[in-house]
Structures are given as structure tokens and as C-alpha cells.
Amino acid sequence: QTELGRLALVSMASSFSDEAVALPPAGRAPGRPGLSALRTTRTTIVTAPMMRALSQVKAPLDAATGRCGGYPAPTPAPAKAAVEPDPPRELKVFDLPFRLGDAPGYHYDMNPVDLAEILKSIRLGKQHADFLVATIHAHETAIDCDQPGDFLPVLAHAAIDAGADVFLVHGSHLIGPVEIYKGRPILYGLSNFFWGDMMEPVSADLYDQSRDLLAAAFGDPAKATDADLNALVNATTFNDERVFQSFVMVGRWEEGRLSELRLHPVDLRYGERLTRSGVPRPAPPAAARAIFDRLQSLSQPYGTALAFEKNTVVVKLQSRRAP
């Protein structure tokens, strides 16, 4: 509650570990506290030559399976015809679904029960608040990692239709596109506001998973400190200046409608000493311009117009698409 009104927050996650999910009671089993999960199923879109190659992998595996658990052995594949047959429209290999398409990509399907519960929570939250923020932790992206997973725009629009005033996506460690939908902002990637290169103490299982990496660097893995392991993991996984680029959103709403939206670029000092690396500061001109250029390129498919004014990214609301 503030002097200007009551704020509400509805958070969810599509990227999570199974034990983190909240569960209702079932019979004698008690309920479990946890996060609000939006379960998704990813299908990989492949081209015709890729699908044929997958079929060639699947056929001998199916033939080698034999009679498992009493099921009949699969019918042997027919001899190859003189004319190569059309590839199947859909295929599952190694328990992963694939679908035929014009270009490689990912498609995500949302669990309808989870989606309905989330939208109901947003609607209820808005009934009890003047301003509602909906936010999701999502690592799911398009196949090139630059654009959000294709379910996120669908979810964001549905959340705003249900009453959300702003929709925020975080999780991929990169900035994402900006969209204005029905006069409300959607930010598809917030990157990192601060970044801890030193994530300590380090658990024993991470040491076990990294034994080969540590042995290559130190000979004897037992000699490595927590700081040594963090530095090695970060150098192989997060060695990218884009992870250290972010922004702070400042918006102005008048009578319930967005009247101004500015994104202030933030630099987390990529490559500096660990005592400074990851600590946010206003981005210097070159870094601020790089952040603007990236936002402008990513946001173009959403019809969002941006301007760069005094080291600040300004969203041109008058250029937004009609709902």
C-alpha cells in the first residue's frame, strides 16, 4: 500500500526444478509451499532433410529395442524406395518431440491448467489493487536465444488482458525485446541488475561435476578453491559482455495509462576485477549506445519505436501498434 494506491505482484516460473513447485494436498499427503509453476512442453521444429536424418537414427534404434516389457517388437522398416519418401510430420526421438517446418526453431505449449490458474490470480490481484505487476522467471527462448520463447508473447498478452499493468520476463541473463500492448509495457528480458561472480560457498556436487575442468586447470582438483571454481565456470558459461548489460525501467502512468517509458542503461563492468565486476553503474556512452542498438534490433518485430536521448532509451509510445 502506498499513498498513490495499492500495488500487487503475481509471479510465476516456467524454468524451475521439480522440488521447487508448490503442490496442493492429495489424500494424506500434505500440500507443499513453493513457486507458481507454468509447465511448458518444447517441440523442436526441423526442416525436411533434418527430419529424414532423425528418421534414419530412430529406425535402427526401434528395431534394436525388441520385446521390452512384453510389448511386441516394432515392425522392421521397409526397404528404401527408389524415390525418397516424404519425411514424417512429427517424430519423437530419445523422448524428444520434433515437428516438420520450414526452418529450425522451437515451439512451446503451455499447460492449460497452470495457465488458467495464473490468469485467475492476475484477475483477482487486479480486483484488489490499483496497479499489478506480472513477472515470470523463464529461460525458454527462441532457438537463436535472442527472442523469447513463442509462448511468452501469448502469455504476456493474456496477462494484460486479465488485468496486469506491466509484464516482466527475467531468467535468460540477457536483455530482450520491448513491446507495448494495449498501452502497457512488456519487457521480454531484464538481464542482470547485479551479477555475483563469486557465488560461494560452492556445494560438493558442483565440484564433482567440474572435476575434469579443475584437473585441466590445476592438475589436482583438490587444490582449487571456491573462487577458482567460480572463475572457471563463469569463464566457460558467462564469458559474454551482454550478460553484463542491463537497464532500469522508469515509467509514468496517468489515469491508469502509460504516458512515458524510459530505460536507463546499466553497465556491470564486464572484465574488471572481481571487486568491481558485477556492480551496477550508469552505463558510459559507448555501452549505453550498445544497449540501445540491441534493444532497437530486438524490438523491431514488435513494432516498437525507440529513441536514444542523453544516454537513455526512450520508448516512443505514439508509434505503438494498435491492440
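Structure: see above.
Structure report, in brief. Sequence positions are assigned chain by chain, starting from 1 and proceeding in written order. With pLDDT at 70 or above as the cut-off, local features in this predicted model cover only qualifying residues; side-chain atom pairs require 80 or more to be listed or tallied, and sums for whole chains, interfaces and linings still use all residues. Hydrogens and water molecules were not included; the side-chain quantities draw on all heavy atoms of the structure.

### Examining the sheet that holds strand E7 (residues 166-170)
This is how it is decided: We treat two strands as partners when DSSP finds at least two bridges between them. By the criteria applied, helices consist of DSSP H or I runs no shorter than four residues and strands consist of E runs no shorter than two, each listed in order from the N terminus. Convention adopted: a line fitted to C-alpha atoms gives each axis, helices being fitted over their contacting stretch, and angles between N-to-C directions are expressed from 0 to 180 degrees. The contact criterion used throughout is that any non-hydrogen atoms of two residues lie within 4.5 Å.
Pairing in this open sheet of five strands is mixed, and the strands run E1-E6-E7-E9-E8 from one edge to the other. Each edge of the open sheet carries a strand with a single partner, namely strand E1 (7-13) and strand E8 (178-181). For this sheet, the mean angle separating the axes of adjacent strands, direction not counted, is 15°. With two bridges joining them, E7 and strand E9 (residues 184-187) adopt parallel strand pairing. Across the sheet, residue Leu168 finds its bridge partner in E9, namely Leu187. Helix H2 (residues 112-127) contacts E1 and strand E6 (131-137) of the sheet and is inclined by roughly 155° relative to E6.

### Some details on empty space enclosed by the protein
Under the convention used in this document: Cavity and pocket criteria rest on a 1 Å grid covering protein atoms alone: a 1.4 Å probe that fits but cannot get out defines a cavity, protein on both sides within 12 Å along at least 5 of 7 lines defines an open pocket, and an atom within 4 Å of a point defines a lining residue. Grid points are joined across faces, edges and corners, and a volume is the space filled by probe spheres set on the points. When residue character is reported, Ala, Val, Leu, Ile, Met, Phe, Trp, Tyr, Cys and Pro are called nonpolar, Asp, Glu, Lys and Arg charged, and the others, Gly included, polar.
Across all of its chains, the model carries one cavity of 30 Å³ or more by this definition. As a volume, the largest cavity reaches approximately 100 Å³. In terms of lining, the largest cavity is formed by 16 residues, of which the most central are Thr141, Gln147, Pro148, Ser172 and Tyr188. Considering only residue class, the lining of the largest cavity consists of nine nonpolar, five polar and two charged.

### Describing H2
For clarity, the threshold we go by: Working rule for helices: expected span equals 1.5 Å times residues minus one. Here's how the labels work: a residue is buried when its accessible area is under 20% of the maximum for its type, exposed when over 50%, partly exposed in between, all with a 1.4 Å probe on protein chains only. Summarising the geometry, the arc corresponds to the directions from the helix axis toward the C-beta atoms. Contacts described as polar in this section are N or O atom pairs within 3.5 Å, which, within protein, must combine one atom able to donate a hydrogen with one able to accept it, while residues neighboring in sequence count only if both atoms come from side chains.
Between the first and last C-alpha of H2 there are 23 Å, a value that for 16 residues agrees with the 22 Å anticipated at 1.5 Å per step. Every buried residue belonging to H2 is among Asp114, Leu115, Ile118, Ile122 and Gly125, and all of these are buried. Down the axis of H2, the smallest arc covering the buried residues is 100°, so these residues share one side. The exposed set on the far side of H2, more than 90 degrees from its buried face, consists of Pro112, Glu117, Lys120 and Gln127. Looking at the packing, one finds that the buried side of H2 touches E1, strand E5 (105-110), E6 and helix H3 (151-162). The backbone nitrogen of Val113 lies 2.9 Å from a side-chain oxygen of the residue at the head of H2, namely Asn111.

### Side note on a nonpolar patch on the surface
Stated formally: Note on patches: the residues involved have over 30% relative accessible area and no salt bridge, like charges join within 9 Å, and the nonpolar side chains Val, Leu, Ile, Met, Phe, Trp and Tyr join within 5 Å. To be clear on the numbers: accessible area is Shrake-Rupley with a 1.4 Å probe, and residue cover counts the displayed protein chains and nothing else. Put simply, a salt bridge is a Lys or Arg side-chain nitrogen that is within 4 Å of an Asp or Glu carboxyl oxygen.
A surface patch of nonpolar side chains, about 390 Å² in accessible area, is lined by Val57, Leu61, Phe94 and Leu96. Locating Val57 in the fold gives a position in helix H1 (residues 48-65). On the accessibility criterion, Val57 (37% relative accessible area) is partly exposed.

### Digging into the pattern of salt bridges
Enumeration according to the criterion identifies 15 salt bridges in this entry. Taking the shortest distance from any N to any O, the salt bridge between Arg281 and Asp267 comes out at 2.8 Å. A residue pair is termed long-range when its members are at least 10 positions apart, and Arg281 in strand E12 (residues 281-282) and Asp267 in strand E11 (residues 257-267) qualify at 14 residues. Looking at Arg281, the relative accessible area reads 29%, which means it is partly exposed. Sharing partners across several salt bridges, the network here consists of Asp146, Asp240, Arg242 and Arg294.

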